[in-house]
Amino acid sequence: MNCLVKKESSSTVSFNKKEFYKNVFALVIPMAIQNLINVGVLAADVFMLGKVGENSLSGASLAGQIYYVMTLFLFGLTSGATVLTSQYWGKRDITTIEKILALGMKSAVLVTSIFAVVSFIIPDKLLRIFTSEPAVIAEGVIYLRIIAFSFVITGITQTYLLVMRSVERVMVATVVYFVSLICNVALNAVFIFGLLGCPSMGVVGAGLGTLISRIIELILVGGYARIYNKEIKFRWKYFLKCDRWLIKDFLIFALPVVMNEVLWGIGGSANTAILGHMGSAAVAANSVAQVARQLATVVTFGISTATAIYLGKTIGEKKKELAKVYAKRFIGMSIILGILGGVMILLFSPLAISFLELSLQAKKYLKFMFFVMSYFVMAQAYNCTLIVGIFRAGGDTKIGLKFDVISMWGFSILTGALAAFVFKCSVPIVYVLLMSDELIKIPLATIRYRKYIWLRDITREA
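Let me sum up the structure you'll find in this document. The shown structure was predicted, so the numbers you read here are calculated from the model rather than taken from an experiment. (Residues numbered from 1 in each chain as written. Predicted model: local features only at pLDDT ≥ 70, side-chain atom pairs only at ≥ 80, totals over all residues. Heavy atoms only, no water.)

1. Regarding the nonpolar core
Across soluble globular proteins, nonpolar side chains show a tendency to be buried alongside one another.
Step number 1: F151, Y160, L161, L366, F370 and Y431 are the most contacted members of the largest nonpolar core, which totals 103 residues.
Step number 2: Membership of the second largest hydrophobic core comes to 32 residues, among which are V24, M31, L311 and Y326. (Core = buried A, V, L, I, M, F, W, Y, C linked by side-chain atoms within 4.5 Å. Buried < 20%, exposed > 50% of the residue type's maximum accessible area, 1.4 Å probe, protein only.)

In structure tokens:
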């Protein structure tokens with residue numbers, strides 16, 4: 001980051017706006033592309049399996065919930081690590097960053113190994129959490145057992161790439177994920193529909209395409225780490241043994257993020273489970289609606305990640321007043337992009353509904369879910385920039401956990417479950433309640449932001 005400060009005091013900070021936005025979008029654009037590519041991988045499975053049938057689509061979607069919960073553990077671990085690495089990057093402490101990378105990698109391998117074993121041994125029991133329909137479970141079991149072999153690979157590559165993001169090396173992930181997307185879409189088309197002389201394998205083909213693509217990602221990441229990255233290395237000595245003080249700091253800042261992401265992710269899975277018990281039409285519609293949400297938020301999630309990196313580095317450079325100014329700018333960008341994302345969902349919803357081979361009931365649900373998602377993504381863009389970006393940049397990692405306990409588990413999931421199973425409400429009513437948590441977070445996050453509790457330097461002196 002270039003030094004943008006012209007004058008810094010407790011009362012006013014002036015900075016070069018042109019340079020600020022140039023530096024920010026140098027981070028945001030590659031990360032938005034990465035998010036779009038990651039969603040594109042999921043969208044490829046959804047749309048292709050949507051052409052095969054509703055059971056295949058629902059089964060793969062529910063199996064994907066297991067993978068999703070696992071990636072939330074990973075994101076929590078790596079986000080906790082990047083809270084530290086971004087500030088140490090501001091200090092240019094490369095040795096500590098390499099230690100954090102190794103510690104994050106060790107944690108990721110442990111977590112993904114557990115998920116892989118459980119998913120392969122008892123996939124049917126996991127899927128029964130989300131649905132009781134035998135045909136959907138049967139398709140999901142096939143898909144889950146195949147992609148279970150990719151879990152540890154995902155842990156290694158995702159941890160490395162996310163830590164690289166925190167030290168402003170964002171293009172490597174863009175290249176890796178782009179190649180993976182091309183391979184995944186091509187392999188899915190060949191395996192699912194039986195192109196180029198291959199047999200038509202349906203959901204099996206979707207699983208194989210995903211697995212092979214993850215292997216390609218690992219090869220690319222390994223090549224980059226070995227050949228091109230000369231400054232920050234993965235070192236086995238740090239993987240095998242790490243400083244106690246660093247483990248303590250890692251746990252202090254990472255564990256709340258892990259718990260936050262997992263509770264949030266399990267909350268999303270709980271929403272899917274509630275809808276899953278209301279019929280396959282609701283599951284299929286929600287699967288598509290979630291893809292639409294992810295497509296509409298690729299840039300806003302890029303903003304939140306850039307916020308954490310940029311502010312973390314600024315705080316590590318001891319420029320707290322400048323960090324306050326940056327934070328306001330990031331919030332403004334998130335509001336504008338959130339509105340654009342909501343409008344995009346409304347504009348493209350008719351095309352998506354007409355394209356998919358869904359039942360009339362599923363299409364009716366999907367139309368309403370798109371409307372709910374249009375305002376949901378606006379609130380999520382704002383909250384994500386504050387909680388994942390601004391608060392975590394300064395080590396305020398516990399507050400997101402508290403917010404989710406209050407808004408998601410204390411209200412949206414509770415009222416949604418009661419509406420579905422006790423009061424027997426319709427799918428639209430249940431869906432509105434399940435998607436209400438982001439609206440509740442807005443005043444909570446705003447009050448926290450204005451207190452500036454998040455503005456802390458958490459690094460240690462060498």
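Having seen it, we continue.
2. Topic: the packing of aromatic side chains
Step number 1: The tally for this structure, following the rule as stated, stands at 18 aromatic pairs.
Step number 2: Summarising the aromatic geometry, the rings of F20 and Y310 are spaced 5.7 Å apart at their centres and angled 75 degrees between planes, so their arrangement reads as edge-to-face. Of this pair, F20 sits in helix α1 (residues 17–52) while Y310 sits in helix α12 (residues 298–316), placing them 290 residues apart in sequence. Each member of the pair F20 and Y310 is classed as buried.
Step number 3: A ring pair is formed by Y452 and W454, whose centres lie 5.8 Å apart and whose planes are at 45 degrees; its orientation type is tilted.
Step number 4: Y452 sits in the partly exposed class, given a relative accessible area of 27%.
Step number 5: With a relative accessible area of 0%, W454 lands in the buried category. (Phe/Tyr/Trp six-rings, centres within 6.5 Å; stacked < 30°, edge-to-face > 60°. Helix = DSSP H or I, 4+ residues; strand = E, 2+ residues; numbered from the N terminus.)

3. Looking at the pattern of salt bridges
Step number 1: As enumerated under the stated definition, the model contains 13 salt bridges in all.
Step number 2: Notably, a salt bridge pairs K319 with E317, separated by 3.8 Å at the nearest N-O pair.
Step number 3: By relative accessible area, K319 is classed as buried at 17%.
Step number 4: Residue K441 pairs with D404 through a salt bridge whose shortest N-O separation is 2.6 Å. Note that K441 is positioned in helix α17 (residues 437–451) and D404 in helix α15 (residues 399–422), a separation of 37 residues in sequence. For the residue pair K441 and D404, the accessibility class agrees, reading buried in each case.
Step number 5: A cluster of three or more residues bridged by salt bridges with shared partners is formed by D404, E438 and K441. (Salt bridge = Lys/Arg side-chain N within 4 Å of Asp/Glu carboxyl O.)

4. Concerning the layout of surface pockets
Step number 1: Estimated volume of the largest pocket: approximately 410 Å³.
Step number 2: In this structure, the largest pocket is lined by 13 residues; those nearest its centre are I156, G222, A225, F234 and W236.
Step number 3: Of the residues belonging to the lining of the largest pocket, the class tally is 10 nonpolar, one polar and two charged. (1 Å grid on protein atoms, 1.4 Å probe; cavity = no way out; pocket = protein on both sides within 12 Å on 5 of 7 lines; lining within 4 Å. Points joined across faces, edges and corners; volume = space filled by probe spheres on them. Nonpolar A, V, L, I, M, F, W, Y, C, P; charged D, E, K, R; others polar.)

5. Section: α17
Step number 1: Relative to the 21 Å expected for 15 residues at 1.5 Å per residue, α17 spans 22 Å between its end C-alpha atoms, a close match to the ideal helical length.
Step number 2: The largest bend along α17 reaches roughly 25 degrees and is located at P443.
Step number 3: Among the residues of α17, D437, E438, K441, A445, T446, R448 and Y449 are the ones counted as buried.
Step number 4: Contact partners of the buried residues in α17: α10 (244–276), α13 (320–355), α14 (360–393), α15 and α16 (427–434).
Step number 5: A positive backbone phi angle near 60 degrees is found at Y452, which sits one or two residues after α17. (Expected span 1.5 Å × (residues − 1). Bend = angle between axes of the 7 residues up to and from the residue. Contact = heavy atoms within 4.5 Å.)

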